[in-house]
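Coordinates in review
Now for the letters of each chain:
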Amino acid sequence: DVKVTQSSRYLVKRTGEKVFLECVQDMDHENMFWYRQDPGLGLRLIYFSYDVKMKEKGDIPEGYSVSREKKERFSLILESASTNQTSMYLCASTSPYNSPLHFGNGTRLTVT
Amino acid sequence: GEDVEQSLFLSVREGDSSVINCTYTDSSSTYLYWYKQEPGAGLQLLTYIFSNMDMKQDQRLTVLLNKKDKHLSLRIADTQTGDSAIYFCAESMTGRRALTFGSGTRLQVQP
């Protein structure tokens, strides 16, 4: 079974802090994704990566950056957290693209 | 645009059938997916259908695809309390690596 692991289930950070959300997958997938989930808005794509050190912006990249130094790990970075980034963050992976996504359990981030 | 639309809420009684509907806009969609999210968890793939099919059945789940109307539905037969969750439809579009998701339908099953 594919396992996508997000390092934290819950995080509470202060406005202005730099925040790292980590995601690791164990199936050698090329493609990894970060979505945020908000009530009534569904899942919105922040960034994705199709190879090590390769990334593309999704639909809502503002205020976020990503890092993919190793194939199995994809990090989402909030350079200066703001209260409107309070959300559930979901990591997913797949290979090849257009295949079903495999999701982690999510990180619920609260920015106060 | 790339909208995938779903109604937000559905309530049914245990033992009844549930039908969750979804509309999408891209006629070049290749696959359409249904995911289930239980409280506090990530999304779990339930089933998917290739765009050249019009129906797929998997135990209690039936997926119907009407390409002309760009309408997708998920029918759950004999709905159980364990089916209470949020259900997302998603489409994969030609030339786009990521799936596009709807807003999710919260299914509440009354005992």
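That block above? That's the structure.
Quick look at the structure, then.

What counts and how
- The residue count restarts for each chain, going from 1 along the sequence in the order it is written.
- Numbering of ligands from 1 and lettering of chains from A proceed in the order in which they are written.
- Under the rules for a predicted model, residues below a pLDDT of 70 receive no local features and side-chain atom pairs below 80 are neither given nor counted, while totals for whole chains, interfaces and linings still include all residues.
- Here the side-chain values reflect all heavy atoms present in the structure, with hydrogen atoms and water set aside.
- Numbering goes from the N terminus for both helices and strands, where a helix is a DSSP run of H or I of at least four residues and a strand is a run of E of at least two.
- It is over C-alpha atoms that the radius of gyration is taken, and the globule rule equals 2.2 Å times the number of residues to the power 0.38.
- Residue contacts are defined here by distance: any two heavy atoms, one from each residue, within 4.5 Å place the two residues in contact.
- Salt bridges are defined by distance alone: a side-chain nitrogen of Lys or Arg within 4 Å of a carboxyl oxygen of Asp or Glu.
- In this scheme, a residue with accessible area under 20% of its type's maximum is buried, one over 50% is exposed, and one in between is partly exposed, where area comes from a 1.4 Å probe on protein chains only.
- What gets called buried area is simply the loss in accessible area from a 1.4 Å probe that two parts show on being joined, summed for both.
- Throughout this description, a polar contact denotes any pair of N or O atoms lying within 3.5 Å of each other; where both atoms belong to protein, one of them has to be capable of donating a hydrogen while the other can accept it, and for residues adjacent in sequence the pair is counted only when both atoms sit in side chains.
- In this count, Pro and Cys sit with the nonpolar residues alongside Ala, Val, Leu, Ile, Met, Phe, Trp and Tyr, while Asp, Glu, Lys and Arg are called charged and the others, Gly among them, polar.
- At least two DSSP bridges between two strands are required for those strands to pair.
- Every axis corresponds to a line fitted to the C-alpha atoms, with the helix fit spanning only the stretch in contact, and the corresponding angles, defined between N-to-C directions, vary from 0 to 180 degrees.
- Working definition: a ring pair exists when centres of Phe, Tyr or Trp rings (six-membered ring for Trp) sit within 6.5 Å. Plane angles under 30 degrees give stacked, over 60 give edge-to-face, the rest tilted.
- The criterion for a charge sitting over a ring is simple: Lys NZ or Arg CZ within 6 Å of the ring centre, and within 35 degrees of the ring normal.
- The criterion is simple. A nonpolar core is a set of buried Ala, Val, Leu, Ile, Met, Phe, Trp, Tyr and Cys residues joined through side-chain atoms within 4.5 Å.
- Any cysteine sulfur atom paired with another within 2.5 Å is treated as part of a disulfide.

Concerning the overall build of chain B
Regarding its fold elements, chain B presents 0 helices and 11 strands. The order of helices and strands in chain B, counted from the N terminus, is β-β-β-β-β-β-β-β-β-β-β. Expected size for 111 residues packed as a compact globule is a radius of gyration near 13 Å; at 13 Å, chain B falls within 12% of this value. Along the first, second and third principal axes, the C-alpha set of chain B runs to 45 × 30 × 20 Å. For chain B, restricting intrachain contacts to residue pairs at least 6 apart in sequence, the fraction spanning at least 24 positions comes to 56%.

Considering the pattern of salt bridges
Residue and element names in this part refer to chain A. Tallying each qualifying case throughout the model produces 10 salt bridges over all chains. With a shortest N-O distance of 4.0 Å, Arg73 and Glu22 are connected by a salt bridge. In this pair, Arg73 sits in strand S8 (residues 73–78) while Glu22 sits in strand S3 (residues 19–25), placing the two residues 51 residues apart along the sequence. We classify Arg73 as partly exposed; its relative accessible area is 38%. Look at Glu22 and you get partly exposed, because its relative accessible area is 22%. For Asp38, the salt bridge is made with Arg44, and the minimal N-O distance between the two is 2.8 Å. Accessibility expressed as a relative area gives 26% for Arg44, which makes it partly exposed. Taken together, the shared-partner salt bridges connect Asp28, Glu30 and Lys71 into one network.

A closer look at the interface of chain B and chain A
The interface of chain B with chain A comprises 22 residues on the first partner and 22 residues on the second. Interface area lost by chain B to chain A is led by Leu43, Arg97 and Phe101 of chain B, which between them contribute 34%. Here chain B is connected to chain A by 0 salt bridges. Remark: the boundary between chain B and chain A carries 4 residue pairs in polar contact (both at pLDDT 80 or more). Those elements that place two or more of their residues in the side of chain B that touches chain A are strand S4 (31–37), strand S5 (43–50) and strand S9 (85–92) of chain B. When residues in the side of chain B that touches chain A are grouped by element, the largest group, 4 residues, is from S4 of chain B. Across the side of chain B that touches chain A, the residue classes tally to 13 nonpolar, 7 polar and 2 charged.

Let's talk about the sheet that holds strand S7 (residues 64–70) of chain A
Pairing between sheet strands relies on hydrogen bonds along the backbone, with the strands arranged either parallel or antiparallel. Residue and element names in this part refer to chain A. Taken in spatial order, the 4 strands of this open sheet run S1-S3-S8-S7, and their pairing is antiparallel. Of all the strands in the sheet, just strand S1 (4–6) and S7 have a single pairing partner and so form its edges. Between one strand axis and the next, the sheet turns through 20° on average, direction left out of account.

Examining the environment of Thr100 of chain B
With respect to the secondary-structure elements, Thr100 of chain B resides in strand S10 (residues 100–101). Counting along the chain gives 20 residues from Thr100 of chain B to Gln80 of chain B, while the straight-line C-alpha distance between them is 28 Å.

Side note on the side chain of Ser103 of chain B
Counting through the fold element by element, Ser103 of chain B comes out in the loop between S10 and strand S11 (105–110). Taking the relative accessible area as the measure of exposure, Ser103 of chain B reaches 19% and is therefore buried. Here Ser103 of chain B is in contact with Gly40, Leu41 and Gly42 of chain A together with Val4, Gln6, Leu8 and Phe88 of chain B, once residues within four sequence places are set aside.

Describing the packing of aromatic side chains
For the coordinates displayed, the defined rule picks out 14 aromatic pairs over all chains. Here a set of aromatic residues connected by ring pairs shows up, and it is made of Phe33, Tyr35, Phe48 and Phe103 of chain A together with Tyr31, Tyr33, Tyr35, Tyr48, Phe50, Phe88 and Phe101 of chain B. Taking the ring centre of Tyr48 of chain B as reference, the NZ or CZ of Lys56 of chain B above it sits at 4.4 Å.

Observations concerning the nonpolar core
Core analysis: the largest hydrophobic core is formed by 20 residues, its most contacted members being Trp34, Ile46, Leu76, Leu78 and Tyr89 of chain A. At the level of secondary structure, the elements contributing two or more residues to this core comprise S3, strand S4 (31–38), strand S5 (42–51), S7, S8, strand S9 (87–94) and strand S11 (107–111) of chain A.

Looking at the state of the cysteines
Residues and elements named next belong to chain B. Per the counting criterion, the structure on display carries 2 disulfides over all chains. Covalent S-S linkage joins Cys22 and Cys89, the inter-sulfur distance amounting to 1.9 Å. On the sign convention where negative means left-handed, the S-S torsion of about 65° between Cys22 and Cys89 marks this disulfide as right-handed. Taken as a pair, Cys22 in strand S3 (residues 18–24) and Cys89 in strand S9 lie far apart in primary sequence, 67 residues in all.

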